[in-house]
Amino acid sequence: MLLTIVTQVLSLFIWNGFGIGYHGVHNTILLITSLAICSVLLLKDRQQISAFSYSMLHDADTKLPNKQFLLAQMVKKVSQKQHFSVLLFKPHVLSNARSTFGFEQANICINERLSILNTQLQTMNALKLEIQASRSAWLAHVDDSTFGCLVIGELELSHIEQFACLIHGVFEEGLTHEDINLVDSVDIGVAYYPMHGNTAKQILQCAIQAMTEKRLQGERWRMFDSESARLSEQRLSIAAALKIAIDENQLSLHFQPQICLKTGKVVGCEALLRWHHPVFGAVSPDVFIPIAESAGVINQLTEWVVENGIQWQAKFCKLIPDHVISINISAKDLLNKDLPVLLITILNEQKVRAESVMLELTESATLEESKKIKATLDDYRLIGLKLAIDDFGTGYSSLAYLSQLGFDEVKIDKQFVLNLPFSVNDQSICRATCDIAATLGAQVVAEGIEDEQSLAMLQSYGCQFGQGYYFSKPLCADDYLAWISDVQEVEISLDATANLID
Ligand code: C2E
Ligand code: MG
Ligand code: MG
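Residues numbered from 1 in each chain as written. Chains lettered and ligands numbered in written order. Predicted model: local features only at pLDDT ≥ 70, side-chain atom pairs only at ≥ 80, totals over all residues. Heavy atoms only, no water.

*Asks:* Tell me what's going on with the packing of aromatic side chains, and back it up with residues and numbers.
*Replies:* Going through the model one piece at a time under the given rule, you end up with 10 aromatic pairs. Summarising the aromatic geometry, the rings of Phe255 and Phe316 are spaced 4.9 Å apart at their centres and angled 80 degrees between planes, so their arrangement reads as edge-to-face. Taken as a pair, Phe255 in strand β10 (residues 251–260) and Phe316 in helix α10 (residues 298–319) lie far apart in primary sequence, 61 residues in all. Judged by its relative accessible area of 0%, Phe255 is buried. Judged by relative accessible area, which is 0%, Phe316 ranks as buried. Plain terms: the ring middles of Phe255 and Tyr480 are 5.9 Å apart, the flat faces sit at 35 degrees to each other, and that makes the pair tilted. Taken together, the positions of Phe255 in strand β10 and Tyr480 in helix α16 (residues 477–486) put the pair 225 residues apart, joining distant regions of the chain. The same class applies to Phe255 and to Tyr480, which are both buried. The side chain of Lys315 reaches across the aromatic face of Trp312, ending 4.7 Å from its centre. (Phe/Tyr/Trp six-rings, centres within 6.5 Å; stacked < 30°, edge-to-face > 60°. Helix = DSSP H or I, 4+ residues; strand = E, 2+ residues; numbered from the N terminus. Buried < 20%, exposed > 50% of the residue type's maximum accessible area, 1.4 Å probe, protein only. Lys NZ or Arg CZ within 6 Å of the ring centre and 35° of its normal.)

*Asks:* Lay out the nonpolar core in plain terms, naming residues and giving numbers.
*Replies:* One finds Ile327 and Leu458 to be the most contacted residues of the largest nonpolar core, which totals 82 residues. The dominant element in this core, judged by the number of residues it contributes, is α10, at 8 residues. Here Ile327 is in contact with Ala271, Val305, Val306, Ile310, Val357, Met358, Leu359 and Glu360, once residues within four sequence places are set aside. Leu64, Val93, Ile110 and Phe163 belong to the second largest nonpolar core, which has 34 residues in total. (Core = buried A, V, L, I, M, F, W, Y, C linked by side-chain atoms within 4.5 Å. Contact = heavy atoms within 4.5 Å.)

*Asks:* Break down helix α3 (residues 67–79) for me, citing the residues and quoting the values.
*Replies:* Look at α3: 18 Å from first C-alpha to last across 13 residues, which is about the 18 Å you get at 1.5 Å a residue. Turning to α3, its buried residues are Phe69, Leu70, Leu71, Gln73, Met74, Lys77 and Val78. The backbone nitrogen of Gln68 has a side-chain oxygen 3.2 Å away, supplied by the residue at the start of α3, namely Asn66. Lys81 occupies a position one or two residues after α3 and carries a positive phi of about 55 degrees. (Expected span 1.5 Å × (residues − 1). Polar contact = N/O pair within 3.5 Å; in protein donor to acceptor, adjacent residues only side chain to side chain.)

*Asks:* Give a description of the site of ligand 1 that names residues and reports values.
*Replies:* Close contacts around ligand 1 come from 23 residues, with Glu270, Arg274, Asp390, Glu450 and Tyr469 the closest. Interatomic distance of 3.0 Å between a side-chain N/O atom of Asn328 and an oxygen atom of ligand 1. Glu447 has a polar side-chain atom sitting 3.2 Å from an oxygen atom of ligand 1. Given that more than half its atoms are within 2 Å of the pocket grid, ligand 1 belongs to the largest pocket. Among the secondary structure elements, those contributing two or more residues to the shell around ligand 1 are β11 (266–277), α9 (285–295) and β15 (386–392). In terms of residue count, the dominant contributor to the shell around ligand 1 is β11 (4 residues). Residues that form the shell around ligand 1 fall into these classes: 9 nonpolar, 5 polar and 9 charged. (Near = heavy atom within 4 Å. 1 Å grid on protein atoms, 1.4 Å probe; cavity = no way out; pocket = protein on both sides within 12 Å on 5 of 7 lines; lining within 4 Å. Sits in = over half its atoms within 2 Å of the grid points. Nonpolar A, V, L, I, M, F, W, Y, C, P; charged D, E, K, R; others polar.)

*Asks:* Tell me what's going on with the coordination of the magnesium ion (ligand 3), and back it up with residues and numbers.
*Replies:* Looking at the magnesium ion (ligand 3), one finds its protein donor set to be Asp390 (OD), Asp391 (OD), Glu447 (OE) and Glu447 (OE), positioned 2.2 to 2.6 Å from the metal centre. Written as a sequence motif, the donor residues of the magnesium ion (ligand 3) are D-D-x55-E. Residue class for Glu447 comes out buried when judged on its relative accessible area of 9%. (Donors = N, O, S within 2.8 Å, 3.2 Å for Na, K, Ca; no water.)

*Asks:* Outline the coordination of the magnesium ion (ligand 2), supporting the account with residue identities and numerical values.
*Replies:* At 2.0 to 2.3 Å from the magnesium ion (ligand 2) lie its protein donor atoms, namely Glu270 (OE), Asn328 (OD1), Glu360 (OE) and Asp390 (OD). Site description for the magnesium ion (ligand 2): donor spacing in sequence, E-x57-N-x31-E-x29-D. If you look at the magnesium ion (ligand 2) and the magnesium ion (ligand 3), they sit 4.1 Å from each other and are both ligated by Asp390. One end of the pair, Glu270, is in strand β11; the other, Glu360, is in strand β14 (residues 357–362), and 90 residues separate them in sequence. When sorted by exposure, Glu270 lands in the same class as Glu360, which is buried.

*Asks:* Give me the lowdown on the pattern of salt bridges, citing residues and values where you can.
*Replies:* According to the stated counting rule, one finds 12 salt bridges in the structure shown. One salt bridge connects Glu227 with Arg230, and the closest N-O pair in it is separated by 2.8 Å. Residue Glu227 and its partner Arg230 are both found in helix α8 (residues 226–245); the two are separated by 3 residues, about one turn of the helix. For Glu227, a relative accessible area of 39% puts it in the partly exposed group. Owing to a relative accessible area of 42%, Arg230 belongs among the partly exposed residues under this scheme. A salt bridge links Lys374 to Asp378; its shortest N-O distance comes to 3.3 Å. Here the residue Lys374 and the residue Asp378 both occupy positions in helix α12 (residues 370–383), the gap between them amounting to 4 residues, near one helical turn. The class of Lys374 is partly exposed, set by a relative accessible area of 29%. A single network of salt bridges, built from pairs that share partners, joins Glu270, Glu360, Lys411 and Glu447. (Salt bridge = Lys/Arg side-chain N within 4 Å of Asp/Glu carboxyl O.)

See the structure below:
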């Protein structure tokens, strides 16, 4: 538009031959007016352009430089080969504040904290992000609830620690509005140029990874660690491989006998999932089950275990009619509405009694969404299935809560049994668990019995059932079938308690 006006005015002049006189004065006035209009428009255009570029590089809520701005600064530092650390932090209180106080108020609260932090950062060796001649910031708003700053110079851990302390200090008192005070943790991740990458994007990615990684207890911040990055890549490839493990026939079940500690009779077994991958080899369930849970494949795995486990149970019952099979269920399976339907179908198809199937749930599984869990467990109980609480003593559930859920069986975790003869603590835990189970009206199974002394001690505490290498390791289905047709009853010394050491 500007160009059109200028061209028209100039052509008018050329047309009139720049003559002075009436036309000349008229044209001069026209020229001055046009130039004035042009200058105003030019100025407005400039303002618009600068406002536009400002909004492209800043966050509207916090008015802080955004990720693009931060990246541009990092690119500059990389091109100058200047060492720097990028420090990202996520105050978890922000999302809670948004839902409690509302978006606007949460922004006011967080901006207050950020402005305090910004002021304090001035005294430290953080890079000043020059926004405009009149404004500057030390912080950038990287995404929804993540902020960051650049620490210039060679990596010094004590220096990073100071930054972390500063951030923690600012968010320690939380966000307050109308007498409501919300406090939560702050995750901090750090990556360093040039150690963790050659480009600005790589460094930022490493800092994000460090920030999202689980911190150990007492850890204030995390430095990017290539080993844990390798592990998380490995987790991703395991998750991808798991998705096809069922179709490619890589799964199998092993069965570990459970023995009555009074009579030595085989009362049942625990079904334990095994995965043999063509490249990774045998992967332990302790590794792949948590990955399956986070990758969203656990429901499929459990359905596979339930289908195959109950088919085998039909065969085991032919040898031991009262045989009970225990199947491990993950917390995530409790939300799977198809599972009870599948259980009923398979039980009918295989003509297996529901009471001969025990579902094992870990203590931590029962703590998630407790109301829904109670209803789901009631559904399973209605079908006739039995319920066990696995890894008892490793979670934080209260007795009142457990009694409300109503379990038929409590399993003492192997960590309390493996070292039983030598640990007074473990002895107290095992004895107390047997008493608690009796109070709850549940039977007790101890897992991880590896020697006669442990067995004797558990017998003396009134533990009814046991499982462990002392009796048998988990066996593949054919070996287990052969084992129960051969053994059926394990020899157990009834006065084993006589061997107890004080
Ligand atoms: P868990 O349910 O507590 O299973 C008992 C674990 O203890 C099994 O390890 C078993 O092999 C091991 N164990 C039994 N007796 C002894 C012993 O005397 N000494 C020692 N050192 N270990 C013993 P496994 O098979 O590696 O399973 C580990 C965990 O993986 C299981 O712990 C369970 O939480 C999970 N898991 C296994 N199969 C499944 C499954 O089908 N579904 C789900 N959701 N989880 C499963
Ligand atoms: Mg178990
Ligand atoms: Mg266990």
